[in-house]
Amino acid sequence: MKVLKFGGSSIGNAENIEKVVEIVKSATEKSSCAVVLSAMQGTTDDLIEAGKLAESGDEIFREKINEIEAEHFEAIRVLVPVSDRNAFLDSVKKRIGELENICEGVFLLHELSPRTLDRIVGYGEILSTSIFAAKFNSLGIKNVWKDSRELISTDSNFGFATVNFEKTNAQIKHFFKNSSSKLHILPGFIASDADGATTTLGRGGSDYTAAILAAALDAEVLEIWTDVSGMMTADPRFVRNVRQIPRISYREAMELSHFGARVIYPPTIQPVMAKGIPLWVKNTFAPEDFGTLIEAETSSEKEIIRGISSIDKILVLNLEGSGMVGIPGFSKRLFDALSRANINVILITQSSSEHSICVAIEEKFGKLAKESVDKEFEYEISVGKIEPLRVESGFSILALVGDNMKAHTGVSGKMFATLGSQGINIHAIAQGSSERNISAIINSRDVQKAVNTLHEEFFSDGNKQINVFVVGFGTVGKKLIEQINLQSEFLRENMRLNLRVVGLAKSRNKIFDEEGVELSNAENLLKNAPPLNIAEFTDLILEKNLRNSIFVDVTANADVAEIYPKLLEKSVSIIACNKIAASSDYTNYRKLKDLSREFGTPFLFETNVGAGLPIINTLNDLMRSGDEIKRIEAVLSGTLNFVFNNYDGSRSFSSVVRQAQDEGYTEPDPRLDLSGTDVARKILILAREAGFNLEMPDIENKGFLPESCLEGSVEDFYSEMEKHESYFRELFETAKSQNLSLKYIASFDNGKASVGLQSIDKAHNFANLSGKDNAVLFYTNRYADLPLVVKGAGAGADVTAAGVFADIIRAARI
């Protein structure tokens, strides 16, 4: 004997019912079958709505019943031949007539009792199974339709009746023993009490009906047919790359279903688990798929974690007070108060100090729970022994489930570390002594992020999803997008990093695509993108709350730098090509560094100094390994080095500067480079990274530009340089006459920093720097005589973008 149950989606229309008929026909060729059906999809909700409309005195309930009738008549029209249809339609109309009469009574009395509601909703399963049986009759296949109310006996707790198993099992065995049919068709969900009144078995009741039958008949298997191919490792609404679970133990399945997995319901498992009957979850629309087999043991499976599940709309109840310490009975009274109010407790946790106890319940019971508990502890609250019950909303429960967790250390540590790395705060924790389940209460807005993060940690093929938001689409920004697009496949195959640019901003236009922006078409997409300011873009990042988020600032905008703290506090990594934050006042710089450390979120700005050269990383490595920076000498402006390497008096100084700007070496305003301001920022950042508290005014800037060049617009700047060409020529000729070359050098020594133009001889470390090269000399305790040298191209969109890209990869791998 097999028991097969089909849900509402499996019999949602005539086409689907035909599929179910084929599955059942195939099954009956091999063994006897009992088939349990739910109501057709949506019917139960329609019946409830009809009852409630009638109760409220709304005559639309009649239209709702007509809709239900029409849906079932349409299925009959397709499934049952004309020759068999008339007599069967009469019986269906009779059932519909009974339903109408009951609702008319509700309408007149304006009263819908739980007993009457059970009677109304029971018609859904009666109608669906009657049609199903009629279909088999039309095919000439012998079957017996049996009203489950004649077999399953319950108490009178309407809406969620408790089964009398002794009586029920006897009735089921007696009926099937005396039936010769190979196929029995029964409505799920409904039963009857001692007086014969219709009762229902609660949510998932049809599954439960099938399990009761399977256990009573010692069936070889219980098959639950639904619209998915078994249980999944996580909710597919949250996680794209979920895995199907081929085999799972009863207890694992119960844990997952208790904590939100909706494929089966916990009560379904209990009867078959007691008898050791396998439960097989199959897909009506893909019957060849293996599905999920639920059995007593799955020892061959080696996965530590079987699945991740969650429950939304949770309230947290906190009972606390010094009067609870060492006094027995407080927990009992709390649970008794909730039990009397028919409130189910989903999760419990208590501090070892006994000062507080925390429980989780469904959100809809919040008001009732507070009233019940505060009334129970009215005296203790009045004398100050305990505080009034504190009710907190906006939570969800996240559960990690697996039988094999008990044999592996560090699972909970890995779970909490993974959540912590994404800035997901854990409000409460519970773990059973069986070590089969680790549960955590978290903010509801973090659920999708949490499930994705844990699934990636425990179930992925090793690939890590990185969600990147890029602000700035100028020369460097475009190069960065180009590099990411070209290198994405390499990163995926060789570094297991799935780098996805999900947000891109330029000036006032910003685009967002959670599936990933089409990078090859980014420029066109931005042109047509809607306007969105940086504050709105930031809010969007925080609202989406994607795991492994990295914010990349490729601007020189102070407004963008101001949002860094807000992002770091939400565990969004910051990659800054923008120097403004790291060179702002020291308290702000220190705050950003502290936030990065506090939230375990990278704040990287390698390209603030030397474009793509590993200058800051080298300095950090020296410091972390215990070395101490004594002195720094550096050429830190690729622009100035390019200018002085190319200016020989044969053409104007202004034209060389314009060439540098045209080739992408300068800041948007070249005066930042030529005034020494940009170099001063860079040496300031290096000094701070070396552990010194310096501000911009502390940097001595020995400028070489005439004051008039610093006034007006950028074009005014070029005009003024032309006017002062003789001055620039004199600087060059003076140095040349002494066989010296001009270099703009930054120095840091003994806590003091300066920048300025210097004439150096050919023996100097910087004499041979060509083109746009930068060089930094670190003099430390370990490199006292011969400095550690970092040298290479220090300007240009390609190398700067590459430096930003390297920081992105570095942050992604943390």
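First things first, this report covers the structure right here in the doc. (Residues numbered from 1 in each chain as written. Predicted model: local features only at pLDDT ≥ 70, side-chain atom pairs only at ≥ 80, totals over all residues. Heavy atoms only, no water.)

### Regarding helix 6 (residues 123-138)
Item 1. Between its first and last C-alpha, helix 6 extends 22 Å over 16 residues, near the 22 Å set by a 1.5 Å rise per residue.
Item 2. Most of helix 6 sits inside the fold, with 14 of its 16 residues counted as buried.
Item 3. G140 occupies a position one or two residues after helix 6 and carries a positive phi of about 75°. (Helix = DSSP H or I, 4+ residues; strand = E, 2+ residues; numbered from the N terminus. Expected span 1.5 Å × (residues − 1). Buried < 20%, exposed > 50% of the residue type's maximum accessible area, 1.4 Å probe, protein only.)

### Some words on the side chain of T28
Item 1. If you trace the backbone, T28 turns up in helix 1 (residues 14-28).
Item 2. You can call T28 buried: its relative accessible area is 14%.
Item 3. Excluding residues that lie within four positions of it along the chain, T28 makes contacts with C33, K182 and L183. (Contact = heavy atoms within 4.5 Å.)

### Let's talk about the side chain of T618
Item 1. Assignment of secondary structure puts T618 in helix 22 (residues 615-624).
Item 2. Apart from residues no more than four positions distant in its own chain, T618 is found in contact with F778, L788 and V790.

### Some thoughts on the pattern of salt bridges
Close approach of charged atoms allows side chains with opposite charge to pair.
Item 1. One pass over the full model with this rule turns up 47 salt bridges.
Item 2. For E689, the salt bridge is made with K593, and the minimal N-O distance between the two is 3.1 Å. Here E689 is found in helix 26 (residues 677-689), whereas its partner K593 is found in helix 21 (residues 586-598), with 96 residues between them in sequence.
Item 3. Ionic pairing is found between E695 and R688, a salt bridge with its closest N-O pair at 3.1 Å.
Item 4. Residue classification places E695 among the partly exposed residues on the basis of a relative accessible area of 27%. (Salt bridge = Lys/Arg side-chain N within 4 Å of Asp/Glu carboxyl O.)

### Overview of the packing of aromatic side chains
Item 1. In total, this model carries 22 aromatic pairs according to the counting rule given.
Item 2. Aromatic side chains F132 and F136 sit 5.0 Å apart centroid to centroid with 70° between the ring planes, which places their arrangement in the edge-to-face category. Of this pair, F132 and F136 both sit in helix 6, separated by 4 residues, roughly a single helical turn. The two residues F132 and F136 agree in class, both being buried.
Item 3. Every member of this aromatic cluster is reached through a ring pair, and the members are F644, Y647, F653, F704, Y727, F728, F732 and Y744.
Item 4. One residue, K282, lies across the ring of W280, its end atom 5.3 Å from the ring centre. (Phe/Tyr/Trp six-rings, centres within 6.5 Å; stacked < 30°, edge-to-face > 60°. Lys NZ or Arg CZ within 6 Å of the ring centre and 35° of its normal.)

### So, the pairing of strand 14 (residues 390-401)
Item 1. The pairing of strand 11 (residues 307-320) with strand 14 spans 9 bridges and is classified as antiparallel. Note that in strand 14 the partner of G307 across the bridge is V401.
Item 2. Bridging between strand 14 and strand 16 (residues 437-443) involves 7 bridges; their strand directions are antiparallel. Each bridged residue has a counterpart across the sheet, and for L398 the counterpart in strand 16 is A440. (Pairing = 2+ DSSP bridges.)

### Comments concerning the packing of helix 4 (residues 82-109) against helix 6
Item 1. Where helix 4 contacts helix 6, the two axes come as close as 11 Å, and the packing angle between them is 175°. In terms of their interaxial angle, helix 4 and helix 6 are classed as roughly antiparallel. Contacts between helix 4 and helix 6 involve D84, F88, V92, R95, I96, E98, L99 and I102 from the first element and Y123, I126, L127, S130, I131, A134 and S138 from the second.
Item 2. Residues that form the contact of helix 4 with helix 6 fall into these classes: 10 nonpolar, 2 polar and 3 charged. (Axes fitted to C-alpha atoms, helices over the stretch in contact; angles between N-to-C directions. Parallel < 35°, antiparallel > 145°, perpendicular 65-115°, else oblique. Nonpolar A, V, L, I, M, F, W, Y, C, P; charged D, E, K, R; others polar.)

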